[in-house]
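Working through the structure, step by step
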Amino acid sequence: MDYRNSTVKEKLKLLVDSLDGDEQNNQKLSQCKDSEGMLDVLLEISSVMELGLTREDLRENPPTRDWIWWKNKEALVNLGDNNLRYQQDSSGKTRWDSWTIRLFKFLRIWR
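Just so it is clear, the model here is predicted, and its values are computed rather than measured. (Residues numbered from 1 in each chain as written. Predicted model: local features only at pLDDT ≥ 70, side-chain atom pairs only at ≥ 80, totals over all residues. Heavy atoms only, no water.)

Okay, the nonpolar core next. Within the largest apolar cluster, 15 residues are counted, with the highest numbers of intra-cluster contacts made by Leu 15, Leu 29, Leu 42, Leu 53 and Leu 58. Listing elements by their share of this core, those giving two or more residues are helix H1 (8–19) and helix H3 (35–49). Not counting the four nearest positions on each side in its chain, Leu 58 is found in contact with Leu 12, Leu 15, Leu 39, Leu 42, Leu 43, Leu 53, Thr 64, Arg 65 and Ile 68. (Core = buried A, V, L, I, M, F, W, Y, C linked by side-chain atoms within 4.5 Å. Buried < 20%, exposed > 50% of the residue type's maximum accessible area, 1.4 Å probe, protein only. Helix = DSSP H or I, 4+ residues; strand = E, 2+ residues; numbered from the N terminus. Contact = heavy atoms within 4.5 Å.)

For the structure shown, the criterion picks out five salt bridges. Lys 28 is the salt-bridge partner of Glu 44, the closest N and O atoms lying 3.4 Å from each other. Of the two residues, Glu 44 is situated in helix H3 and Lys 28 in helix H2 (residues 23–30); the sequence distance between them amounts to 16 residues. Taking the relative accessible area as the measure of exposure, Glu 44 reaches 44% and is therefore partly exposed. The class of Lys 28 is partly exposed, set by a relative accessible area of 30%. Put simply, Glu 36, Asp 40, Arg 55 and Arg 59 are held in one network by salt bridges that share partners. (Salt bridge = Lys/Arg side-chain N within 4 Å of Asp/Glu carboxyl O.)

Another aspect to go through is the side chain of Ser 46. Along the chain, Ser 46 turns up in helix H3. The contacts of Ser 46, once residues within four sequence positions are left out, are Leu 15, Leu 51, Gly 52 and Leu 53.

Here it is in structure tokens:
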């Protein structure tokens, strides 16, 4: 099938749907040592399916973007040392709104 006119989101959905129940490819993904290995496996699957996805498509769009973050052990939120932060935020600013911080303080999760 020709997917040239499909959006990246549609192509990623097809890729993810193809992985559902595919024991062999899921095993390959789970055995990857890092995110680059995962990207190689996902690109190989994309190539076989003729989806035309690029490494950047996989790295920057959910859900594969999230899989890569978790493979690198980069949690979206770090709850340690009383500092909540978004790992991908290089500016160091908190992602949390003031009402969220007040809620955490109320629940005594934040000190």
